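Below, each chain spelled out in residue letters.
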Amino acid sequence: RKPLMAMLLLLPWVVGRAGPSAGVVFLSLVIAGFAILRALAETAYFPWSQEFIPNRVRGTFSAWFTVLALVASAASLAVAGRVLEAGEGLGRYLWLIGVGSIFGLLGVAVMAKIPGGEPIRDGGSAAGHLANLREALGDRNFVAYLGGLAGTTIGLGLLVSFLPLFVKEQLGLPAAAVVRLDVVAMVAGGAASLVWGWLADRVGSRPVLMPAVALLLPLPLAWLILPRPLPHAVGVCTGLYLLYGLGVHGVGIGAGRLLFNSVVPPGKNTAYTAVYYAWLGVTGGVAPLLAGGILAAGGDWRLRLFWLRLDGYALVFFLALAFLGLGWWLYGRVRADGRYGTRMVLRSFLTRILQR
């Protein structure tokens, strides 16, 4: 997909020769092709990653992967912002696209050295793959995991899709402060990832996953009961964004480790991870559409219940809480991947604190 994205360098030439309408069609085709190739690549990456990442350090690997990805993203955004500020005209965008495509090709070259990812020995026929898909969907443990994934994904999507708009319009924060809140969540989540990953490799995935989801459960209710406009909004919102960053990265590390260490059988990981990736895409797309529909339909809806303001945002927060609770309950029905239970770990942790 890197050379395909590099074809955007031809966009000015297409617009100059054939007009803006042809440029829109060309751009749409490039984006659609990129999306298809990305889906193919990521579908293949999941079963491959189960081979080259050892189970005993999967949590730590995921944590460092998250930290390095955040650092790389921050650096690239900083460079891109500097280039756009310093330059003029179309050339600065073309320069960024070209450099980005080169870095992408370098990443592919590095990945080529990683072992594993061999084809299935028996040939992997289409009929066999369909049979494996049916078997995966008949696995109750896997279905419970998919249910937990759907609950948390939709719940978090409902919570954060329009949260910047809510913070700006309803609580009165300026746009610059809203951007800084995202940075707070990223930095806090990156730092917490190292702790979550270390802990997951020592006590198991569910003792990390379940408390992390529990950290997120109060957030929709907290946003709901805040007065509008909010005095000292920056401090309160910073604390809530900080809690979100801590929880969401714990969910990512715990759920990912649980999936590959316990839920997905290594011998049939292609079918399982294909269903997982498709389901992740569907549930991730449902949340913003649902939230946007609710806000559009409830735009003129205004009610008061004591000090609570009930409107479209309130309904979105209520649904986010319900879906997060459903996800937490369904994740609790997934078979654990270690000898330590969540209650056992929390009891031991609290006992040590009280003894000190």
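Residues numbered from 1 in each chain as written. Predicted model: local features only at pLDDT ≥ 70, side-chain atom pairs only at ≥ 80, totals over all residues. Heavy atoms only, no water.

### A few points about the overall build of the protein
Under the convention used in this document: Runs of H or I in DSSP of at least four residues are treated as helices and runs of E of at least two as strands, each being numbered from the N terminus. Radius of gyration here is computed from C-alpha atoms only, and the compact-globule reference equals 2.2 Å multiplied by the residue count raised to the power 0.38. By the convention used here, residues are in contact when the closest approach between their heavy atoms is within 4.5 Å. Using a 1.4 Å probe, accessible areas were evaluated by the Shrake-Rupley method; residue-level cover was limited to the displayed protein chains. Only four residue types enter the charge count, namely Lys and Arg as positive and Asp and Glu as negative; His and the chain termini do not. Think of each charge as sitting on NZ of Lys, CZ of Arg, CG of Asp or CD of Glu.
Counting its secondary structure elements, the protein contains 15 helices and two strands. In terms of C-alpha radius of gyration, the protein reaches 23 Å, essentially the compact-globule figure of 21 Å for 356 residues. Oriented by its inertia axes, the alpha-carbon framework of the protein measures out at about 70 × 60 × 40 Å. For the protein, restricting intrachain contacts to residue pairs at least 6 apart in sequence, the fraction spanning at least 24 positions comes to 83%. A total accessible area of about 19800 Å² is found for the protein, and carbon and sulfur atoms account for 71% of it. Side-chain charges in the protein split into 29 positive and 14 negative, and the spacing between the mean points of these groups amounts to 7 Å.

### Things to note about the packing of helix α10 (residues 206-216) against helix α15 (residues 342-355)
Operational definition: Each axis is a line fitted through C-alpha atoms, and for a helix only the stretch in contact is used; angles between axes span 0 to 180 degrees, taken between their N-to-C directions. In this scheme, roughly parallel covers angles under 35 degrees and roughly antiparallel covers those over 145, while 65 to 115 is roughly perpendicular and the rest are oblique.
The N-to-C vectors of α10 and α15 enclose an angle of 80°; their axes lie 8 Å apart at closest approach. With respect to α15, the element α10 is oriented roughly perpendicular. Judged by residue contacts, Arg 206, Pro 207, Met 210 and Pro 211 of α10 engage Thr 342, Val 345 and Leu 346 from α15.

### Details of the nonpolar core
Our working definition: We define the nonpolar core as a collection of buried residues of types Ala, Val, Leu, Ile, Met, Phe, Trp, Tyr and Cys that are connected through side-chain atoms lying within 4.5 Å of one another. When accessible area is computed with a 1.4 Å probe and restricted to protein chains, residues below 20% of their type maximum are described as buried, those above 50% as exposed, and intermediate ones as partly exposed.
The biggest cluster of nonpolar side chains holds 65 residues, and the ones touching the most others in it are Phe 142, Tyr 145, Val 167, Leu 171, Leu 173, Trp 223 and Tyr 331. Setting aside residues no more than four positions away along its own chain, Phe 142 makes contact with Ala 136, Leu 259, Val 263, Tyr 272, Val 275 and Tyr 276.

### Considerations on the side chain of Ser 205
We count it as follows: Nitrogen and oxygen atoms within 3.5 Å of one another constitute a polar contact, given that in protein one can donate a hydrogen and the other can accept it, and given that sequence-neighbouring residues count only through two side-chain atoms.
Note that Ser 205 resides in the loop between α9 (175-203) and α10. At a separation of 3.1 Å, a polar atom in the side chain of Ser 205 contacts the side chain of Arg 257. Ser 205 has contacts with Ala 200, Gly 254, Arg 257, Leu 258 and Asp 337, leaving out every residue within four places of it along the chain.

### Points about a nonpolar patch on the surface
Filter applied, for reference: A residue counts toward a patch only above 30% relative accessible area and without a salt bridge, and it is joined to like-charged neighbours within 9 Å or, for Val, Leu, Ile, Met, Phe, Trp and Tyr, to nonpolar neighbours within 5 Å. Take a side-chain nitrogen of Lys or Arg and a carboxyl oxygen of Asp or Glu: if they are within 4 Å of each other, that pair is a salt bridge.
Among the surface-exposed residues, Trp 279, Val 282, Val 286 and Leu 290 lie close enough to one another that they form a single nonpolar patch of about 300 Å² accessible area. Within the secondary structure layout, Trp 279 lies in helix α13 (residues 269-297). Classification of Trp 279 as partly exposed rests on a relative accessible area of 34%.

### Here we look at the environment of Leu 90
Summarising the element assignment, Leu 90 is placed in the loop between α4 (58-86) and α5 (91-111). We classify Leu 90 as partly exposed; its relative accessible area is 48%. Sequence separation between Leu 90 and Pro 12 is 78 residues, and the spatial gap between their C-alpha atoms is 8.5 Å.

### Details of the confidence of the model for the protein
Basically, it comes down to this: On a range of 0 to 100, pLDDT expresses the predictor's confidence in each residue.
Looking at the protein as a whole, the pLDDT averages 87, with 95% of positions reaching at least 70. Predicted confidence in the protein is weakest over strand β1 (residues 303-305), with a mean pLDDT of 61, and strongest over helix α7 (residues 140-160), with 94.

### Describing the pattern of salt bridges
This structure, assessed with the given rule, holds four salt bridges. Across the pair Lys 268 and Glu 135 runs a salt bridge, and its minimum N-O distance is 2.6 Å. Taken together, the residues span a long stretch of sequence, with Lys 268 in the loop between α12 (233-263) and α13 and Glu 135 in helix α6 (residues 126-137) at a distance of 133 residues. With a closest N to O distance of 3.0 Å, Asp 201 and Arg 257 form a salt bridge.

### Regarding helix α11 (residues 218-225)
Every α-helix winds through 3.6 residues per turn, so residues three or four apart in the chain are directed the same way. To keep it simple, the criterion reads: This arc corresponds to the set of directions leading from the helix axis out to the C-beta atoms.
Considered for burial, the residues of α11 that qualify are Leu 219, Pro 220, Trp 223 and Leu 224. Projected down its long axis, α11 carries its buried residues within an arc of 135°, all on one side.

### Quick notes on the environment of Val 67
Residue position: Val 67 is located in helix α4. Sequence separation of Val 67 and Val 187 is 120 residues, and the distance between their C-alpha atoms is 8.8 Å. Residues within four places of Val 67 in sequence aside, it is in contact with Gly 190 and Leu 194.

### Notes on the packing of α13 against helix α14 (residues 312-331)
Helix-helix packing is characterised by the crossing angle of the two axes and by the distance between the axes. Just so we agree on the cut-off: In a left-handed crossing the near helix is turned counterclockwise from the far helix by less than a right angle, and in a right-handed crossing that turn is clockwise.
Running from amino to carboxyl end, α13 crosses α14 at an angle of 150°, the nearest separation of the two axes being 8 Å. The pairing of α13 with α14 is recorded here as roughly antiparallel in orientation. Crossing geometry of α13 relative to α14 is assigned as right-handed. Along its contact with α13, which presents Ala 291, Ile 294 and Leu 295, the element α14 presents Gly 312, Tyr 313, Leu 315, Val 316 and Leu 319.

### Topic: the environment of His 232
For His 232, the position within the fold is in the loop between α11 and α12. According to the relative accessible area criterion, His 232 is exposed, its value standing at 71%. His 232 sits 74 residues away from Leu 158 along the chain, and the two C-alpha atoms are 25 Å apart.

### Regarding the side chain of Thr 283
If you trace the backbone, Thr 283 turns up in helix α13. Of note is the side chain of Thr 283, whose polar atom sits 3.2 Å from the backbone oxygen of Leu 280. When neighbours within four sequence positions are excluded, Thr 283 is seen to be in contact with Ala 150, Thr 153 and Ile 154.

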